[in-house]
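Inside the fold
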Amino acid sequence: MKSLRSLFAAKTPAELPMPAEIAVAALLVEAALVDGVYVNIESDMIAEILLESFDFDADKADAVLAQAETLAEEAVGSHQFTKHAKKLALQDRVKVIEAIYRVVLADGERSDEEEAYVRQVAGLLYVDDVSRAAARRRAEARVAGAV
């Protein structure tokens, strides 16, 4: 009976279908939240990534970021977002991993939790370790070049 009720229970917005760019933005926000501190430099980095990656204007990027923050706060796991993002081509999924690294490196601090999060998301997106490592190197170079 319990499983039948769960089938008909109202779904949270994070469980509903969503465009890949919203799912990617939510993954970026989750990455920023992993260490327990969500600072302006991380949200600014996410907005920059949205502007670059999806060719949004500033208003659209802000709206998507706000929606992603809400979704990430109520989500119970990354799977809710990776199931939408993994529909992207492999090269785009690798870019998602690079973007996640840019976000976790933005505050200048590294944590084991952030690295574990990136590994988990890379696995859920079917991005292999070699591609993930290359994405990290590119992200490190970009973040270092911005300083």
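Above this text you will find the structure in question.
These remarks concern the structure in this document. (Residues numbered from 1 in each chain as written. Predicted model: local features only at pLDDT ≥ 70, side-chain atom pairs only at ≥ 80, totals over all residues. Heavy atoms only, no water.)

**Focus on helix α3 (residues 40-54)**
Relative to the 21 Å expected for 15 residues at 1.5 Å per residue, α3 spans 21 Å between its end C-alpha atoms, a close match to the ideal helical length. Taken as a whole, α3 has its buried residues at E42, S43, M45, I46, A47, I49 and L50. (Helix = DSSP H or I, 4+ residues; strand = E, 2+ residues; numbered from the N terminus. Expected span 1.5 Å × (residues − 1). Buried < 20%, exposed > 50% of the residue type's maximum accessible area, 1.4 Å probe, protein only.)

**Side note on the packing of aromatic side chains**
For the coordinates displayed, the defined rule picks out one aromatic pair. Ring centres 5.5 Å apart and planes at 25° place the aromatic pair F54 and F56 in the stacked group. We classify F56 as buried; its relative accessible area is 13%. Against the face of F56 rests K60, its NZ or CZ located 5.5 Å from the ring centre. (Phe/Tyr/Trp six-rings, centres within 6.5 Å; stacked < 30°, edge-to-face > 60°. Lys NZ or Arg CZ within 6 Å of the ring centre and 35° of its normal.)

**Description of the packing of helix α2 (residues 20-33) against helix α4 (residues 58-74)**
Packed helix pairs are characterised by how far apart their axes lie and by the angle those axes make with each other. Direction vectors running N to C along α2 and α4 enclose 65°, while the axes themselves pass 8 Å from each other. Along this stretch, α2 crosses α4, giving a crossing that reads as right-handed. Of α4, the residues touching α2 (which contributes E21, I22, A25, A26, V29, E30 and L33) are V64, L65, Q67, A68, E69, L71, A72 and E73. Classifying every residue of the contact of α2 with α4 gives 10 nonpolar, one polar and four charged. (Axes fitted to C-alpha atoms, helices over the stretch in contact; angles between N-to-C directions. Left-handed = near helix turned anticlockwise from the far one by under 90°. Contact = heavy atoms within 4.5 Å. Nonpolar A, V, L, I, M, F, W, Y, C, P; charged D, E, K, R; others polar.)

**Regarding the pattern of salt bridges**
Going through the model one piece at a time under the given rule, you end up with 10 salt bridges. Here R142 ties to E52 by a salt bridge, and the two come within 3.2 Å at their closest N and O atoms. Of this pair, R142 sits in helix α8 (residues 129-146) while E52 sits in helix α3, placing them 90 residues apart in sequence. On the basis of relative accessible area, R142 is assigned to the partly exposed category, the value being 40%. E98 is the partner of R138 in a salt bridge, and the nearest nitrogen-oxygen pair spans 2.9 Å. (Salt bridge = Lys/Arg side-chain N within 4 Å of Asp/Glu carboxyl O.)

**Observations concerning unusual backbone geometry**
Note on backbone geometry: most residues besides glycine have negative phi, and most peptide bonds are trans. Positive phi, normally seen in glycine, also occurs at D55, with a value near 55°. Within the secondary structure, D55 sits in the loop between α3 and α4. Relative accessible area serves as the criterion here: at 70%, D55 is assigned to the exposed category.

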